[in-house]
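Residues per chain are reported as follows:
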Amino acid sequence: MTTVESLRAKENALAPHYSRFRVADRLLLSAHSHQAWPDVAEEGLREAFADAAEEVDEKWGRAFAKADELRNGFRKWLSDPHGDYALGQNTHELVLRFLSAIELRKRPRLVTTDGEFHTLRRQLTRLAEEGVEVVRVPAAPVATLAERLAEQVDGRTAAVLASAVLFETSWIVPGLAHLAETCRSRSVELVVDAYHAVGAVPFPLHDLGLTNAWVLGGGYKYLQLGEGNCFLRLPAHAQELRPVITGWYAEFGALADERRPDEVAYAPGGNRFAGATYDPSSHYRGVRVQQFFAEHGLTAEFLREVSQHQVGLLARCFDDLGLPDDVVTRDRETSLDGIGGFLSLRSPVAGCLCERLAARGVRTDSRGHYLRFGPAPYLSDEQLETAISTLREAVADLG
């Protein structure tokens with residue numbers, strides 16, 4: 001059996017496990033934004049309800065055990081078995097906790113790119129309004145992005161914040177090890193947003209030279225965990241920091257200590273950056289989906305094979321349409337190996353095309369001038385071909 005045949009066999013076997021999302025009957029090409037959940041996700045939600053009903057306020061022991069299981073799952077995705085992980089309902093709250101831990105008064109300068117997701121774009125823009133210097137390095141050309149970020153690191157820089165895969169273009173950012181070493185040598189924090197990498201592109205943290213980096217990510221996209229399952233991987237030196245924005249869960253490990261009213265205590269490990277009371281049902285759902293991935297062999301390496309095949313197929317089918325470049329085109333200079341988990345098409349009318357595709361039953365999304373087609377392992381080649389061919393009709397609608 002060829003690689004393509006084995007992938008198709010897996011796709012056909014997976015689709016029935018997503019019956020609640022009706023993946024076999026719909027053209028869901030927004031998987032880079034929100035993948036369907038396998039049916040077993042409902043089992044996790046039912047378990048959360050059962051534990052709450054049985055244990056009432058004593059449910060937290062079980063809930064914390066689920067949180068630990070979830071952390072272990074993230075450790076596996078990053079090949080980081082001994083790492084400390086803070087959990088959050090979304091990446092924004094984790095970014096805030098990180099920003100509250102660094103010395104912005106002494107080093108009021110942050111370096112980032114102009115290709116970051118809205119969580120960073122908006123928050124850093126607001127900090128700039130309050131006097132923090134924010135340097136935005138152009139994301140293109142991506143081949144030199146990490147090097148150009150490193151060149152901006154100076155004695156006033158508190159942190160560099162950048163993506164591993166850019167959310168608009170799907171470009172994989174090379175050279176992060178060089179950036180990490182530059183930051184380490186200047187005692188500058190490095191935050192790598194891996195949300196568009198984990199589950200679509202293997203991300204062995206230590207092999208990538210990111211041992212001393214903070215890594216941000218979550219399960220809403222490629223990992224199929226749904227909302228409320230985000231993480232911030234902490235470097236070892238994070239245990240020396242005292243984040244300002246935390247909740248009372250951040251001192252759980254220190255509650256038994258003698259406390260002073262004028263002193264804030266911190267728990268060890270990832271809980272040092274914890275928040276407060278949260279809805280644990282997302283963790284139950286997430287853990288059950290992680291188990292499903294393990295049961296079906298959905299490893300980082302296999303999912304990368306699927307992704308490369310599917311994105312490559314979408315790209316070839318798009319080229320076969322022969323649409324005018326001034327209406328919609330794609331980057332043909334970057335090799336498939338340099339692309340993440342979705343195909344990004346550039347168009348001055350990306351939003352309109354997205355709407356017209358939706359009217360024909362093809363769900364994509366757009367960000368600015370980029371129209372994004374996101375495949376998933378439960379979709380068949382025929383579904384992908386149908387979805388991309390519908391783009392011809394959408395373009396024709398524009399007149």
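Residues numbered from 1 in each chain as written. Predicted model: local features only at pLDDT ≥ 70, side-chain atom pairs only at ≥ 80, totals over all residues. Heavy atoms only, no water.

Participant: What is the right way to look at the sheet that holds strand 10 (residues 343-346) in this model?
Facilitator: Adjacent strands of a sheet pair through backbone hydrogen bonds, lying either parallel or antiparallel. Across the sheet, four strands lie side by side as 9-10-13-12; this open sheet has antiparallel pairing. Edge positions in the sheet fall to strand 9 (329-330) and strand 12 (365-367), since each of these pairs with one other strand and no more. Pairing analysis gives three bridges linking strand 12 to strand 13 (residues 370-373), with the strands arranged antiparallel. Within strand 13, the position partnered with Asp-365 by the bridge is Arg-372. (Pairing = 2+ DSSP bridges. Helix = DSSP H or I, 4+ residues; strand = E, 2+ residues; numbered from the N terminus.)

Participant: Even after reading the chapter, I still don't get the packing of aromatic side chains, so can you show me in this structure?
Facilitator: Given two aromatic rings, their pairing is described by the distance between the two centres and the angle made by the two planes. Under the defined criterion, the tally for this structure stands at 16 aromatic pairs. Ring geometry for Phe-74 against Phe-231: centres 4.5 Å apart, planes inclined by 40°, an arrangement best described as tilted. With Phe-74 in helix 3 (residues 60-77) and Phe-231 in strand 8 (residues 230-234), this pair connects stretches of sequence that are 157 residues apart. Ring centres of Trp-214 and Phe-273 lie 5.4 Å apart, and the angle between their planes is 70°; this geometry places the pair in the edge-to-face category. Placement of the pair is Trp-214 in strand 7 (residues 214-218) and Phe-273 in the loop between strand 8 and helix 8 (281-295), with a sequence separation of 59 residues. Of the two residues, Trp-214 and Phe-273, neither departs from the other in class, the shared state being buried. Taken together through their ring pairs, the aromatic side chains of Tyr-18, Trp-77, Phe-292, Phe-293 and Tyr-378 make up a single cluster. (Phe/Tyr/Trp six-rings, centres within 6.5 Å; stacked < 30°, edge-to-face > 60°. Buried < 20%, exposed > 50% of the residue type's maximum accessible area, 1.4 Å probe, protein only.)

Participant: Just checking my understanding: could you explain empty space enclosed by the protein for this structure?
Facilitator: Using a probe with the size of a water molecule, rolled over the atoms, empty space left in the structure can be pinpointed. Scanning the entire structure with this criterion turns up two cavities of 30 Å³ or more. The space that makes up the largest cavity amounts to roughly 120 Å³. Taken together, 14 residues line the largest cavity, and the ones lying closest to its centre are Gln-35, Gly-199, Leu-303, Ser-307 and Pro-377. It is helix 9 (residues 300-321) that contributes the most residues to the lining of the largest cavity, four residues altogether. Reported here for the second largest cavity is a volume of approximately 30 Å³. (1 Å grid on protein atoms, 1.4 Å probe; cavity = no way out; pocket = protein on both sides within 12 Å on 5 of 7 lines; lining within 4 Å. Points joined across faces, edges and corners; volume = space filled by probe spheres on them.)

Participant: Even after reading the chapter, I still don't get the layout of surface pockets, so can you show me in this structure?
Facilitator: Counted as a void, the largest pocket has a volume near 420 Å³. If you trace the largest pocket, you find 22 residues lining it, with Gly-73, Lys-76, Trp-77, Gln-290 and Ala-294 closest to the centre. For the lining of the largest pocket, the elements supplying multiple residues, two or more each, are helix 3, helix 8 and helix 9. Per-element tally for the lining of the largest pocket: the top contributor is helix 8, with six residues.

Participant: Looking at this structure, how should I read unusual backbone geometry?
Facilitator: Leave glycine aside and you will find that most residues have negative phi; peptide bonds, for their part, are mostly trans. Note the cis peptide between Ala-140 and Pro-141, where omega equals 0°. Secondary-structure assignment places Pro-141 in the loop between strand 4 (133-137) and helix 6 (145-151). A positive phi angle, near 70°, is found at Ser-170, a position not held by glycine. Mapped onto the fold, Ser-170 is located in the loop between strand 5 (157-163) and helix 7 (176-185). Even without a glycine there, the phi angle at Gln-224 is positive, about 65°. Among the secondary structure elements, Gln-224 is positioned in the loop between strand 7 and strand 8.

Participant: What should I look at first to understand the pairing of strand 4 in this one?
Facilitator: On a regular strand, one side chain projects to one face of the sheet and the next to the other, so that they alternate. Alignment of strand 3 (residues 109-113) against strand 4, held across five bridges, turns out to be parallel. When the bridges of strand 4 are listed, Thr-113 appears paired with Val-137. You can see the chain leave strand 3, run along helix 5 (residues 118-129) and come back into strand 4, and the turn it takes is right-handed. (Right-handed = clockwise from strand over helix to strand, strands pointing away.)

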